[in-house]
Amino acid sequence: MGKPGAPADSICPSVSAFSKKPRSVEVATGSPAVFEAETERAGVKVRWQRAGSDISASDKYGLVAEGTRHTLTVRDVGSADQGSYAVIAGSSKVKFDLKVLEAGKAEPVPGPAPAPAEAPGAPGEALASATEVEGGSPRPEGSSSAAPDGPSVPDDPIGLFVMRPQDGEVTAGGSITFSARVAGASLLKPPVVKWFKGKWVDLSSKVGQHLQLHDSYDRTSKVYLFELHITDAQATFAGGYRCEVSTKDKFDSCNFNLTVHEAIGPGDVDLRSAFRRTSLAGGGRRISDGHEDAGTLDFSSLLRKSSFRTPRDSRLEAPAEEDVWEILRQAPPSEYERIAFQHGITDLRGMLKRLKGMKREEKKSTAFQKKLQPAYQVSKGHKIRLTVELADPDAEVKWLKNGQEIQMSGSKYIFESVGAKRTLTISQCSLADDAAYQCVVGSEKCSTELFVKEPPVLITCPLEDQLVMVGQRVEFECEVSEEGAQVKWLKDGVELTREETFKYRFKKDGQRHHLIINEATLEDAGHYALRTSGGQALAELIVQEKKLEVYQSIADLTVGSKDQAVFKCEVSDENVRGVWLKNGKELVPDSRIKVSHIGRVHRLTIDDVTPADEADYSFVPEGFACNLSAKLHFMEVKIDFVPRQEPPKIHLDCPGRVPDTIVVVAGNKLRLDVPISGDPAPTVIWQKTITKRNKVPAGPALDASGDSGASDEWVFDKKLLCETEGRVRVETTKDRSIFTVEGAEKEDEGVYVVTVQNPVGEDQVNLTVKVIDVPDAPAAPNISNVGEDSCTVRWEPPAYDGGQPVLGYILERKKKKSYRWMRLNFDLLRELSHEARSMIEGVVYEMRVYAVNAVGMSRPSPASQPFMPVGPPSEPSHVAVEDVSDTTVSLKWRPPERMGAGGLDGYSVEYCQDGRSEWVAALQGLTEHTSLLVKDLPTGARLLFRVRAHNVAGPGAPGTTTEPVTVQEILQRPRLQLPRHLRQTIQKKVGEPVNLLIPFQGKPRPQVTWTKEGQPLAGEEVSVRNSPTDTILFIRAAHRAHSGTYRVTLRIESMEDKAELVLQVVDKPGPPQDIRVTETWGFNVALEWKPPQDDGNTELWGYTVQKADKKSMEWFTVLEHYRPTHCVVSELIIGNGYYFRVFSHNMVGPSDRAAATKEPVFIPRPGITYEPPNYKALDFSEAPSFTRPLVNRSVIAGYNATLCCAVRGSPKPKISWFKNGLDLGKDARFRMFSKQGVLTLEIRKTRPFDGGVYVCRATNLQGEAQCECRLEVRVPQ
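All of the points below concern the structure found in this document. Counting restarts for each chain: residues are numbered from 1 in the order of the written sequence. The predicted origin of the model limits local features to residues at a pLDDT of at least 70 and limits the giving and counting of side-chain atom pairs to 80 or more, whereas totals for whole chains, interfaces and linings rest on all residues. With hydrogens and water excluded, all non-hydrogen atoms of the structure serve as input to the side-chain values.

1. Overview of the overall build of the chain
Then, number 1: Along its length, the chain carries four helices and 96 strands.
Then, number 2: Note on definitions: a residue-residue contact is assigned when non-hydrogen atoms from the two residues lie within 4.5 Å. Intrachain contacts of the chain at a sequence separation of at least 6 include 64% that bridge at least 24 residues.
Then, number 3: In the form shown here, the chain has an accessible surface area of approximately 69,700 Å², with 49% of it arising from carbon and sulfur atoms. Helix and strand labels come from DSSP, where a helix needs a run of H or I of at least four residues and a strand needs a run of E of at least two; each type is numbered from the N terminus. Values of accessible area rely on a 1.4 Å probe in the Shrake-Rupley scheme; residue burial ignores everything except the protein chains shown.

Next up, the structure:
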């Protein structure tokens, strides 16, 4: 149920089909205007409209559709292109405006920006400058406007209107606004405007949710704006409307029409908006004000309620008429609690008690002719009328509530008495009005029960999916529209009762409801739902066994004396604690050995390493059967005594002078500590080998015995490393050289050459360094084989594996409009594909994948393309044969009961011969209709037919005919079904089309023959069109010659049927003949004429006689519908000459020409003259004079002040008002009135600066006069 001004689809959002909506723009004259829109999925049919009419591609408009992007281009924009436009996709409609500016005033128009992101659970319709039509938003999908509200309006030269309301069109469920503008420059008071539907229905009494009236006044242009706004339009709203405006001495009205189109069919509905797990109770018909009939234009169904539907539980469906009283009367006692929860009944026990008491039969009353009903029901916030009819119209009544008399108090209770009827009206009903009411007349009374139904509780913030480990705490949170509302928590469709509070804890916090599971187990996984009386929220809980993943294991270390050794590992759970072991015994920290735990990283640090520290070290996480081990090697530096001249030497404990490869994790610090000796002190040179590959011609080498076809030549170069500061640096002392790399990177990998030199000699060692890292993020996964609740996800290995083999992959998914990713596997996936299950049909999902190696987990891949799990529809029902001929079979069926989230694309029809299994397609492609004529079938064959429904998920199960059908014509006697209006004479006017349709029956197809007066039809003007079920006689423009008797004959072999039709084509009659004046006497003239030769093929209705004065030759009608052929024209003026003419009339109209007298007829003038008397003209001119002057006034600031005086004078003097010598005529704060010589100056909301001397001056041609007064404005203390 939607509220005005509140997004009703926040509960069951009417998801917009647009991911990007067009915006209103302003462009200069002659420039192009471009509007862009993007749909949620490709292939959606998009229509562009202007003023309610579809736009097609032309030289003016360019339409482009590329995938999900749709563009409208308006070329060479002119002033005629300004107005309102709309784009429609499925059931979503977005409006936007085009404003055309003059070339000199044009401003740069920003390009279209993406629509704001939609938050989870929020309405999908983000309103920028465009407005969408869906449900209860300020301007819903499907809305339109009858007239644009522009800055300037055209002048209306006639009447009071500056702009009249125009005809409008709207789609069912949309909104429309009609606007009227009235000029107020010459009006002293605001005009009175009334809106009507039809001839008499005043819409001011129907203001509510569906209808609002607004008015405003623009002081700049002095124009009043009146608006009629209709929301959630229904088919019954269509028809004629009228707007009336009236002032003191003027009146004007305007008629306009509203056309309501049917809603867009389900074939164009977006898949996501077609799938809903919850529905709104009330269907958007909630009335939020105090009017009982508020805003409903369907006057025949004002009391009709809408249904409450829950798709997944048919037991919770409420009937279309939500009469709770009748439902409880007919329901078994076991259903009472469910009905009370569904309909918001707060006092079920009291209601059942009253129900039981009211089943007793009441004795016949002598005071009441009509008593109250046993019970009444009203929605919260509405009003209710309780009416009784008395036997004595003069009797007094008392109304009681719970035994207490109701007193008159404001507008809450209204008592009405009309004749013998007594009515109690209760406005703005609340839960406090839910009580027993009695009407008392003398010693008798009648009782009733009033039940106040609360509005359905809507879900404003839905549940979120959860993924937890065993033993973790789970908390579901959902927000509803009412505080303290009754809700139900369900798990996999089973209600969670209060008896299970030891496991589940329910918590209410205002409008928020919480379901808490302290320690989750594997049995708690499933779908949890919160159900209210107005909807349902659904979320999935996935519980995984607790496992620990090692992102980085500890590595063997080789360090020298007095150096620092650091063992580090990283695990998946930052809350896991652990124990460090040395040779299997727990290691106790001290001042030299330190153990740290920061987040997911555990670290063991040993300072000043000694030979005793060489051992096996292990880290054991608590609660997990896991052991991470590494070895610490102590590197002993042996220094032998040598003579003073000692060649340089590098002391590394590496047999064969080839050390093991040094492995370092990317981002960690690399330190190579090389002990050296020599006397004198040697010079240390660090170099990094750079390998290059050069292409050489392939061919056999003269000195090569191996790969004679090699085409690559490796070239080795060396880079000198001598920096002492920075990320890569070299530090050299007397006995050692240290090479350090801060934050190792991939580029640091390679072979490093250490060379020591002195005058005695040199030594050289190669050190190989390998940098390993987490893998690169894989590419976006591909989705295929999408089913009802599953899909197949495929991906490619990462481009770089980080230097370590990829151990497996981790897959995650999320809902498209959510921000929470859910992990689908805890055991690594070894393959490059995975079948994901347990998804909700109709919900849009995205997938992403991680790659994992020994170092850790990569960054996530880009999200896959959004996809929606959909299942095929069920089988069509009631497949039946409608008709059979020798080669055709006509089939019909009903749509499938379950469409699924994929909707319905169409049907396929197949047939096979009885006893065989080969099915043959009856048509290429799909049909959208639920019937089909299968042609070209073999005569006499026995065939079975089946029908399948298709959607994006593929074909559904087939619906098959129950018995084989024999393809053979059935003989049926021909029979004409002549309509009633064709059984009498058919009259048509000349020039009108004739279209006579006669249905018939008969098999095989009968032969139809038409004749006129026994002769076959001839000529191209008369045509006959025949179909298998009817025949049509068509004449484009009828002539008199087409009149006559037509016969149609229906023949099948020796059987026939006939029917006759009489067509009469009529025309205007000819003029009368031989008009003449037979006699003239006094003020009278006698005329006579003959009937016309041509009566127009129909009866004459009479004659019209007209006269014209010879001087003016203006014709005046004397007689109408006069049947005799003679008449007397009287009351003529003596001395004038007259012409006379006569028209003949029939059902078509008057004759085109008239019979007129050729010579004028003079009326004799007697010899009498009249001399008018002479009168002396009097002069009534008078100079202005004040009969009552102005008087001094003292007023309080903030209140209106009025200055009055009276003046006389002839001609009427011109009045001017001045303040301190300044003319007040153009100041809007001062209003001036003049009525019968009384002059009034009104000052609105006086201020201290309004004080001063005011002068009233009257001026005419005879002179002028003035009077003055002083106004004091006091400031209240």
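2. What about helix α3 (residues 336-343)?
Then, number 1: We call a residue buried when its accessible area falls under 20% of the maximum for its residue type, exposed when it is over 50%, and partly exposed in between, using a 1.4 Å probe and counting protein chains only. In terms of burial, α3 is a largely internal element, six of the eight residues being buried.
Then, number 2: Turning to α3, its buried residues number three or more, namely Tyr336, Ile339, Ala340, Phe341, Gln342 and His343.

3. Topic: the pattern of salt bridges
Then, number 1: By definition here, a salt bridge exists when the distance from a side-chain nitrogen of Lys or Arg to a carboxyl oxygen of Asp or Glu is within 4 Å. Tallying each qualifying case throughout the model produces 44 salt bridges.
Then, number 2: We note a salt bridge from Arg729 to Glu731, for which the minimum N-O separation is 3.4 Å.
Then, number 3: Under the relative-accessibility criterion, Arg729 is labelled buried at 17%.
Then, number 4: Here Arg1040 makes a salt bridge to Asp1094, at a shortest N to O gap of 3.1 Å. Of this pair, Arg1040 sits in the loop between β77 (1030-1035) and β78 (1044-1052) while Asp1094 sits in the loop between β81 (1084-1090) and β82 (1100-1109), and the two are 54 residues apart along the sequence.

4. A word on the sheet that holds strand β6 (residues 61-66)
Then, number 1: When DSSP finds at least two bridges between two strands, those strands are taken to pair. If you trace the four strands from one edge of the open sheet to the other, you get β1-β3-β7-β6, paired in antiparallel fashion. Unpaired on one side and paired on the other, β1 (18-20) and β6 mark the two borders of the sheet. Recorded for the sheet is a direction-independent mean angle of 25 degrees between the axes of neighbouring strands. Note on geometry: axes are lines fitted to C-alpha atoms, helical ones only across the stretch in contact, with angles between N-to-C directions running from 0 to 180 degrees.

5. With respect to the sheet that holds strand β37 (residues 535-544)
Backbone-to-backbone hydrogen bonds pair the strands of a sheet. The strands run either parallel or antiparallel.
Then, number 1: Within the open sheet, the five strands sit side by side as β30-β37-β36-β32-β33. Their pairing is mixed. Each edge of the open sheet is held by one strand with a lone partner, namely β30 (466-469) and β33 (494-495).
Then, number 2: Pairing of strand β36 (residues 526-532) with β37 involves seven bridges; the strand directions are antiparallel. Across the sheet, residue Tyr528 finds its bridge partner in β37, namely Ala539.

6. A closer look at unusual backbone geometry
Then, number 1: Cis geometry is found at the peptide bond from Asp679 to Pro680, where omega equals 5 degrees.
Then, number 2: Summarising the element assignment, Pro680 is placed in the loop between β49 (670-679) and β50 (683-695).
Then, number 3: Omega for the peptide link from Lys1003 to Pro1004 comes to -5 degrees, which places this bond in the cis form.
Then, number 4: Relative to the elements of secondary structure, Pro1004 occurs in the loop between β73 (994-1003) and β74 (1007-1012).

7. Section: the pairing of strand β66 (residues 931-934)
Then, number 1: Where burial is concerned, the two faces of β66 differ: the one with Leu932 and Val934 is buried and the one with Ser931 and Leu933 is not.
Then, number 2: Pairing of strand β63 (residues 889-894) with β66, which is carried by four bridges, proceeds in the antiparallel orientation. Residue pairing across strands places Val889 opposite Val934, the latter belonging to β66.

8. Considerations on the side chain of Asn1136
Then, number 1: Here Asn1136 is to be found in the loop between β84 (1126-1129) and β85 (1137-1146).
Then, number 2: Asn1136 has contacts with Asp1109, Lys1111, Val1161, Phe1162, Ile1163 and Arg1165, leaving out every residue within four places of it along the chain.

9. Details of the nonpolar core
Then, number 1: By size, the foremost hydrophobic cluster in this structure holds 26 residues, and its most contacted members are Phe178, Val182, Trp195, Leu228, Ile230, Tyr241 and Leu258.
Then, number 2: If we ignore the near neighbours within four places in the chain, the residues touching Leu228 are Ile176, Thr177, Phe178, Trp195, Leu203, Leu211, Gln212, Leu213, Tyr241 and Phe256. The criterion is simple. A nonpolar core is a set of buried Ala, Val, Leu, Ile, Met, Phe, Trp, Tyr and Cys residues joined through side-chain atoms within 4.5 Å.

10. Quick look at the state of the cysteines
Then, number 1: By disulfide we mean two sulfur atoms from cysteines, separated by a distance within 2.5 Å. Taken as a whole and assessed by the stated rule, the structure comprises zero disulfides.
Then, number 2: In this structure Cys1204 is not part of a disulfide, and its nearest cysteine sulfur, from Cys1205, lies 7.6 Å away.
Then, number 3: Taking relative accessible area as the criterion, Cys1204 reaches 34% and is therefore assigned partly exposed.
Then, number 4: Just so you know, Cys1267 is unpaired, no disulfide at all, and the nearest cysteine sulfur is the one on Cys1205, 4.3 Å from it.
Then, number 5: On the accessibility criterion, Cys1267 (10% relative accessible area) is buried.

11. Concerning the packing of aromatic side chains
Then, number 1: Any two rings among Phe, Tyr and Trp, with Trp reduced to its six-membered ring, count as a pair given centres within 6.5 Å; such a pair is stacked if its planes are under 30 degrees apart, edge-to-face if over 60, and tilted if neither. Evaluation of the coordinates by the stated rule reveals 21 aromatic pairs.
Then, number 2: A centroid spacing of 4.4 Å and a plane angle of 40 degrees characterise the contact between Tyr217 and Tyr224, whose relative ring orientation is tilted.
Then, number 3: What makes Tyr217 partly exposed here is its relative accessible area of 32%.
Then, number 4: Residue Tyr224 is classed as buried on the basis of its relative accessible area of 12%.
Then, number 5: The lysine or arginine in question, Arg242, covers the ring of Phe196, its NZ or CZ lying 4.6 Å from the ring centre.
Then, number 6: Between the NZ or CZ atom of Arg823 and the centre of the ring of Phe826, over which it lies, the distance is 4.9 Å. Both a distance and an angle decide whether a charge sits over a ring: NZ of Lys or CZ of Arg must be within 6 Å of the ring centre and within 35 degrees of the ring normal.

12. Describing the pairing of strand β58 (residues 808-815)
Then, number 1: For β58, a buried count of eight out of eight residues is recorded, marking the element as mostly surrounded by other parts of the structure.
Then, number 2: Sheet analysis places β58 next to strand β61 (residues 845-852), joined by eight bridges and oriented antiparallel. Within the sheet, the bridge partner assigned to Gly808 lies in β61 and is Val852.
Then, number 3: Note that β58 and strand β59 (residues 822-823) share two bridges and pair antiparallel. Its bridge partner being in β59, Glu812 is matched across the sheet by Arg823.

13. Observations concerning the environment of Cys626
Then, number 1: As for its position among the elements, Cys626 is in the loop between β45 (616-621) and β46 (628-635).
Then, number 2: With relative accessibility at 24%, the residue Cys626 sits in the partly exposed group.
Then, number 3: Taking the C-alpha atoms as reference points, Cys626 and Leu548, 78 residues apart in sequence, are found 8.5 Å from one another.
Then, number 4: Those residues in contact with Cys626 that lie beyond four places of it in its chain are Val550, Phe619, Val620 and Pro621.

14. Here we look at the environment of Asn583
Then, number 1: With respect to the helices, strands and loops of the structure, Asn583 is situated in the loop between β41 (578-582) and β42 (585-586).
Then, number 2: Between the C-alpha atoms of Asn583 and Lys631, which are 48 residues apart in sequence, the distance is 9.7 Å.
Then, number 3: What Asn583 contacts, discounting residues up to four positions off in sequence, is Ala615 and Asp616.

15. With respect to the environment of Arg736
Then, number 1: In this fold, Arg736 is placed in strand β53 (residues 736-741).
Then, number 2: Between the C-alpha atom of Arg736 and that of Pro675, which follows or precedes it by 61 residues, the distance is 4.1 Å.
Then, number 3: Every residue in contact with Arg736, bar those within four places of it in the chain, is listed here: Asp673, Val674, Pro675, Ile676 and Glu731.
Then, number 4: Counted as a polar contact is a pair of N or O atoms within 3.5 Å, where, for protein atoms, one must be capable of donating a hydrogen and the other of accepting one, and residues adjacent in sequence contribute only when both atoms are in side chains. A polar side-chain atom of Arg736 sits 2.9 Å from a polar atom in the side chain of Asp673.

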